[in-house]
Amino acid sequence: MNIATDISKTADQAIEHFDVLIVGAGISGIDAAYHLQKDCPGKSFTLVDSQETFGGTWSTHKYPGIRSDSDLFTFGYKWKPWIGAPIATAEEILKYLDECLDENDIRRHIQFQREVKTASWSSENKCWTVELFCKDTGDVQHLTCNFLWMCQGYYRHSEGYTPNFPGMDRFKGDIIHPQTWPEGLNYKDKKVVVIGSGATAATLIPAMAKDCAHITMLQRSPTYFFAAPNRNDVADMLRELEVPDEWTHEIARRKVLSDQKLITHRSFNDSDALRNELITGAKQYLGEDFDVEAHFTPSYRPWRQRLAFVPDGDLFRAIKSGDASVVTDQIDTFTEKGILLKSGDELEADIIITATGFNMNALGDVAFSVDGEDFDFSKSWAHRGILFSDIPNMAWVFGYLRTSWTMRSNLVADFVARLLNHMDEKGVTMVTPRLRKEDEDMPELPLVDPENFNAGYLMRHMHIMPKQGDRQPWIFSQDYYSEKDEIPTADLEDGTLEYK
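On a predicted model such as this, the values are computed, not experimentally measured, just so you know.

This paragraph deals with the pattern of salt bridges. Tallying each qualifying case throughout the model produces 36 salt bridges. Two residues, arginine 114 and aspartate 136, come together in a salt bridge whose shortest N-O distance is 2.9 Å. Highlighted residues: arginine 114 in strand E6 (residues 114-122) and aspartate 136 in the loop between strand E7 (127-134) and strand E8 (140-150), separated in sequence by 22 residues. On the basis of relative accessible area, aspartate 136 is assigned to the partly exposed category, the value being 42%.

Encoded structure:
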């Protein structure tokens, strides 16, 4: 019997019930839907997304030049060959995802412009009731499901992070965050300052440089950049030999992962040599006369923050040509004409772009409750970084910070499908992670170890995130090369999962 018929009615219609509700129709949600159809063919499901279309971050961001900062052999799916250049534009990625929806008949399962407001678990009914705001009609909709799969990512799509710089209200020009890029912005022959030196700045600056009067990257401290041609020699060779796309994709994917493993290992164990190689790479583009020491020599070891890839060295080439420049200094205050720096210099600008990161949120800012009690995720323990202690029938996709996000999305999808099938085999409908007695003395550690990875957006919001411990399955290592073996073989009867 449909549980929904016993609960209530909204807008004179019975509440629709699904075995699985997927929140988010971006890279993770589409992956989840694919695996549900393949591995749990009897399960009913739907995807809900607050946006007007699929694609997640690739639909949210509209700024010039937007592209991946991961290669598409690993950022793309294992089950859908990538046939283009490794680094792809948002348009190319959306085309790829569009094909995925059609080729796997997933589009009909998506409900767009549905913003999840609340999710309430009932142990009596063993189901979730989810309240949705319908952005297209203004109505409130309710759905119920047995299992909730959160694939909405980890940042707030509605607003990016902009520090409250002194004097911002005095500036006479436009202040823009890349996440809310205005349609039709005219920056031709304008003086532009981009605050920040991460992947967004590295994308924006070469894309805008030729049209601006001048564009300046203003950074508080240097960032590591890795410049290389936007090609994959292994894939190119295999394509030339007319090797099938599926084989080419898998071989290129394995080669990329092997190379990334080596770089990650070196970032911990051979960091000085790796650091010198990255800085030397910048010098090769910028020339011996450029002050690489001041502007492209970070104080931290490589990969403690995300290593921004610069395809074909385009950022460096824009600086070398004189169309762009980089200033390493701190902001004293905004002025009417631009930004006054701590050094006393003033950068004049018509447009200031705050490429200063994003705001993380825990599980999409949804108000969760379990049996009538509000649920605080910061007090829960992450079970392999997928499930969470004391909250039943819910999984969250939190991807990798070094390796492509999709590599973990795929592992999570396999795990969730295996867990759902295991529950069916046991004849149970409820699973809740619980600390064992021997786990109760675990130290409370942040979800992401700051000694491992300390990007600003993580450090600002780690207090709202779940905890991890010092023993399995309460460890979230952020290490694909260990998890690729651990998660597929994870023991579902190790005493940490309570079934009913």
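To continue, consider the side chain of threonine 216. Within the secondary structure, threonine 216 is located in strand E12 (residues 214-219). Relative accessible area serves as the criterion here: at 8%, threonine 216 is assigned to the buried category. Separated by 3.3 Å, the side chains of threonine 216 and serine 325 make a polar contact. Apart from residues no more than four positions distant in its own chain, threonine 216 is found in contact with Val192, Val193, Val194, Ser325, Val327 and Leu347.

Let's shift gears to the sheet that holds strand E16 (residues 331-334). What the three strands build is an open sheet, ordered E16-E17-E18; its pairing is antiparallel. Each of the sheet's edge strands pairs with one partner strand only, and the pair in question is E16 and strand E18 (346-348). Strand-to-strand twist across the sheet, computed as the mean angle between neighbouring axes with direction ignored, equals 25 degrees. Here three bridges tie strand E17 (residues 338-341) to E18, and the two strands are oriented antiparallel to one another. If you follow leucine 340 over to E18, its bridge partner there is glutamate 346.

With that out of the way, let us pick up the nonpolar core. With 142 residues, the main nonpolar core has Leu148, Trp149, Phe368 and Phe398 as its most contacted residues. Counting residues in hydrophobic clusters, the runner-up holds 14 residues, among them Ile195, Val327, Ile331 and Leu341.

Empty space within the second largest pocket amounts to approximately 720 Å³. Secondary-structure elements contributing two or more residues to the lining of the second largest pocket are strand E13 (225-228), helix H6 (233-240) and helix H7 (245-269). Classifying every residue of the lining of the second largest pocket gives 12 nonpolar, seven polar and eight charged.

Basis of the calculations
Residues numbered from 1 in each chain as written. Predicted model: local features only at pLDDT ≥ 70, side-chain atom pairs only at ≥ 80, totals over all residues. Heavy atoms only, no water. Salt bridge = Lys/Arg side-chain N within 4 Å of Asp/Glu carboxyl O. Helix = DSSP H or I, 4+ residues; strand = E, 2+ residues; numbered from the N terminus. Buried < 20%, exposed > 50% of the residue type's maximum accessible area, 1.4 Å probe, protein only. Polar contact = N/O pair within 3.5 Å; in protein donor to acceptor, adjacent residues only side chain to side chain. Contact = heavy atoms within 4.5 Å. Pairing = 2+ DSSP bridges. Axes fitted to C-alpha atoms, helices over the stretch in contact; angles between N-to-C directions. Core = buried A, V, L, I, M, F, W, Y, C linked by side-chain atoms within 4.5 Å. 1 Å grid on protein atoms, 1.4 Å probe; cavity = no way out; pocket = protein on both sides within 12 Å on 5 of 7 lines; lining within 4 Å. Points joined across faces, edges and corners; volume = space filled by probe spheres on them. Nonpolar A, V, L, I, M, F, W, Y, C, P; charged D, E, K, R; others polar.

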